[in-house]
Amino acid sequence: MNPKTKLPLVGDTIFSEMSALAQQLNAINLGQGFPDYQPDSELLNAVCQAIQQGPNQYAPMTGVPVLRQAIRDKIIAHQGYSYDADTDITVTSGATEALTSSILALIHPGDEVILIDPSYDLYAPVVTLANGAPVRVAMNPPTKDRPRFHLDWNAIADAVTPKTRMLILNFPHNPSGLTLREEDLDALEQISANHDFLILSDEAYEHIVFDGQPHVSPTSRPALASRCVLVSSFAKTLHATGWKIGYCCAPGPLSQEIRKVHQFSVFSVNTPIQAGIASYLKTNHAIQGLSAFYQRKRDRLVQGLSASKLRPLHSEGTFFLLVDTSALGHGLEKDLAIRLTQEAGVATIPVSAFYADPASRNANHQLLRLCFAKQDTTLDAAIEKLVSL
Ligand code: PMP
Ligand code: GLN
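A brief structural summary. In this text, all values refer to a predicted model and were calculated from it rather than measured experimentally. The written sequence of each chain sets the order in which its residues are numbered from 1. Starting at A for chains and at 1 for ligands, labels are handed out in the order in which the entities are written. Local features in this predicted model are restricted to residues of pLDDT 70 or higher, and side-chain atom pairs are both shown and tallied only at a pLDDT of 80 or more, whereas totals for entire chains, interfaces and linings draw on every residue. For the side-chain quantities, the full set of heavy atoms in the structure was used; hydrogens and water were omitted.

1. Brief notes about the site of ligand 1
- Any residue with a non-hydrogen atom lying within 4 Å of a molecule or strand is treated as near it. In the vicinity of ligand 1, 13 residues are found, and the nearest of them are Thr96, Asp202, Tyr205, Ser233 and Lys236.
- We define a polar contact as two N or O atoms separated by no more than 3.5 Å, with the added condition that, inside protein, one atom must be a possible hydrogen donor and the other a possible acceptor, whereas residues neighbouring each other in sequence contribute only through side-chain atom pairs. Here a nitrogen atom of ligand 1 and a side-chain polar atom of aspartate 202 are 2.6 Å apart.
- Within the side chain of serine 233, an N or O atom sits 2.6 Å from an oxygen atom of ligand 1.
- Reported accessibility uses the Shrake-Rupley method at a 1.4 Å probe radius. Residues are deemed covered only where the shown protein chains occlude them. Protein burial of ligand 1: of its 390 Å² of free accessible surface, 93% is covered by the chains.
- Cavity and pocket criteria rest on a 1 Å grid covering protein atoms alone: a 1.4 Å probe that fits but cannot get out defines a cavity, protein on both sides within 12 Å along at least 5 of 7 lines defines an open pocket, and an atom within 4 Å of a point defines a lining residue. Grid points define the cavity or pocket, and a molecule sits in it when more than half of its atoms lie within 2 Å of them. Under a 2 Å grid-point criterion requiring more than half of the atoms, the pocket assigned to ligand 1 is the second largest pocket.
- Starting at the N terminus, helices and strands are each numbered in turn, a helix being any DSSP run of H or I of at least four residues and a strand any DSSP run of E of at least two. If you tally residues by element for the shell around ligand 1, the top one is helix H4 (residues 94-106), at four residues.
- Residues are grouped as follows: nonpolar covers Ala, Val, Leu, Ile, Met, Phe, Trp, Tyr, Cys and Pro; charged covers Asp, Glu, Lys and Arg; every other residue, Gly included, is treated as polar. Here the residues of the shell around ligand 1 sort into five nonpolar, five polar and three charged.

Structure representation (structure tokens):
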């Protein structure tokens, strides 16, 4: 029977595709973003203890209370906003489910949702599932004189219409590594003062910001926090992408709607892992060293690539580095990513995959994304292969 697809343009994600190719060709995988090392053994012990001693039955639908409390405390310490752990915080199956539940709960047919390209692959298809209309606004791409992506707040302001229901932000930004500045929040406050839209702020990389910069979140401004849904995840923060524990924070009335979708898509998520994370966060302060840990890896990769034909762009946060590949010729980024996997034995992600039409001219800026959440030996081996290109 014809299933009558709701998402005709969606296939396997670029992350699955490049990981499968890396595995098939036995290439070093700097594509999909995940560490090739274990989480902290203290965290593993806390989770094992929770599995052995319980709780092992259904968690409350909104999340294990001690974890919601720990998330509240963490946000007060880092972003400054005080959420109510009972009414405003929901533990989800990764940031993925937090984003999907939020969009499905809050977007109505015909609502416009502004996405900033390059944008994470989940946003547009889920807006489509909610019968909303994705409105894509491109960041200005890197140029010779200004070799970094940058936000165009005028273009974002121009995209706002009476139908705009939501703006999706993602800083620190995947894939560009861009972070927000206070001036960005000034611009956002100005635009939102005259319009009634929500902000969905995907802060999955909130604890990975380099060179002494702070993480700037819209929730640090009360006027923005009141209309913001903050989404994050423990995947990157605790080096455990496979655990799929994330969270979603929003003022009570918004959370109430999001929880209706969460309740009937997963009901609740893994209980002992939630308990283990909560107990680890109580005594361990590893999050504070996370930026320095990744900054060393970023610098190692940048330094190593200086002998190659790839020109690294500056990464301000996340565990991703973009490289300009112009010296290898001009063509579709995806073709080059496949060729590099086959010929150099290193898998990467084409930045064009973060645009509506990855084959279009506007999506191809000769950029590949490299993940540096890897052991130094893995990074060194990849550097050696890339230098020999
Ligand atoms: N948002 C962004 C920007 C991401 O890069 C990712 C993937 N790590 C996610 C959301 C999904 O996070 P999770 O693995 O916690 O579902
Ligand atoms: N967020 C990860 C990345 O950008 C991928 C997660 C996934 O494979 N869905 O690489």
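Having seen it, we continue.
2. Let's talk about the site of ligand 2
- Close to ligand 2 lie Phe15, Gln32, Gly33, Tyr120, Asn174, Tyr205, Phe320 and Arg369.
- The side chain of glutamine 32 places a nitrogen or oxygen atom 2.7 Å from an oxygen atom of ligand 2.
- Measuring from an oxygen atom of ligand 2, one finds a backbone N or O atom of glycine 33 at 2.7 Å.
- Isolated, ligand 2 exposes 300 Å² of accessible area, and the fraction of that covered by the protein chains is 78%.
- If you map ligand 2 onto the pockets, it falls in the second largest pocket.
- Residue composition of the shell around ligand 2, by class: four nonpolar, three polar and one charged.

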